[in-house]
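So you can see what is in the structure, the chains are spelled out below.
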Amino acid sequence: MAEGRLKIVVFGSFNAGKSSFIQALDPPRSRHIEASSEEGPTTVAFDFGRLTVRDKAVFLFGTPGGQERFEFVRQIISRGGMDGAIIVVDATTGVDAMTRHLYDQLKALDVPLAFMANKCDSPGAVPEAVSHALPGGEMVHPISARNGGENVHAALDAFVATLTAR
């Protein structure tokens, strides 16, 4: 994106909390389009939010559903370059095959990456397991996007700091 702006794309498995993450960061202006599925509501287009972090206009684009059928939407949203990518992981279920697939794709693109271990306020959450399931050196932030957006702003701020230091 242009100077003073960052495009960050948010990826993750089904029900990891991508939409909740963006909505917690930009409650008044975020946009979300969902439909019902057998497993519950799922994003069918994309989420969008924008806010200012460290004097940068940050544009967040959330990818849909974490399902293979939405691969084309993830590719379209990623076009035009990404300044960074966030993978949201459900800390109650851990790193799954979709998360590994997304990680491999983003590493191949050499995109700066951060992980958000979400739902840390839920019973059975083990954010440390997310860190242990990933190759060393990956940034993992424990967050709770739903209940007041615990740690979401601090996690995004830390990631933006790494992007602006490059």
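Further up the page is the structure itself.
Worth saying up front: this structure is predicted, and the values here are computed from it rather than measured.

The rules we used
- Residues numbered from 1 in each chain as written.
- Predicted model: local features only at pLDDT ≥ 70, side-chain atom pairs only at ≥ 80, totals over all residues.
- Heavy atoms only, no water.
- Helix = DSSP H or I, 4+ residues; strand = E, 2+ residues; numbered from the N terminus.
- Buried < 20%, exposed > 50% of the residue type's maximum accessible area, 1.4 Å probe, protein only.
- Pairing = 2+ DSSP bridges.
- Salt bridge = Lys/Arg side-chain N within 4 Å of Asp/Glu carboxyl O.
- Expected span 1.5 Å × (residues − 1).
- Arc of directions from axis to C-beta.
- Polar contact = N/O pair within 3.5 Å; in protein donor to acceptor, adjacent residues only side chain to side chain.

**Remarks on the environment of Val126**
Relative to the helices and strands, Val126 resides in the loop between strand S7 (113-118) and helix H4 (127-133). Accessibility expressed as a relative area gives 37% for Val126, which makes it partly exposed. Each C-alpha atom, one on Val126 and one on Asp90, is 9.2 Å from the other, the two residues being 36 residues apart in sequence.

**Looking at the pairing of strand S6 (residues 84-90)**
Of all seven residues making up S6, seven are buried, and the element is well covered by its neighbours. Going residue by residue along S6, you find Gly84, Ile86, Val88 and Asp90 tucked away on one face and Ala85, Ile87 and Val89 tucked away on the opposite face as well. With five bridges joining them, strand S1 (residues 5-12) and S6 adopt parallel strand pairing. Counted as the bridge partner of Val10 is Ile86 from S6. Here S6 runs beside S7; their pairing, made up of six bridges, is parallel.

**Things to note about the pattern of salt bridges**
With the rule as written, the count across this model stands at three salt bridges. Taking the shortest distance from any N to any O, the salt bridge between Glu138 and Lys107 comes out at 3.2 Å. Taken as a pair, Glu138 in the loop between H4 and strand S8 (139-142) and Lys107 in helix H3 (residues 97-108) lie far apart in primary sequence, 31 residues in all.

**Re H3**
For H3, with twelve residues, the first-to-last C-alpha span of 17 Å sits near the 16 Å given by 1.5 Å per residue. Among all positions in H3, only Met98, Thr99, Leu102, Tyr103 and Leu106 are buried. Down the axis of H3, the buried side of the element spans an arc of 135°, and every buried residue falls inside it. Exposed residues lying more than 90 degrees from the buried face of H3 are Ala97, Asp104 and Ala108. Its side-chain oxygen at 3.4 Å from the backbone nitrogen of Met98, Asp96 defines the N-terminal cap of H3. Once H3 ends, the next one or two residues include Asp110, with phi positive near 60°.

**Structural notes on helix H5 (residues 152-164)**
Taking 1.5 Å as the rise per residue, H5 with 13 residues should run 18 Å; its terminal C-alpha atoms sit 18 Å apart, in good agreement. Of all the positions in H5, only Val152, Ala155, Leu156, Phe159, Val160 and Leu163 are classed as buried. Buried residues of H5, viewed axially, fall in a sector of 130°; they line one side.

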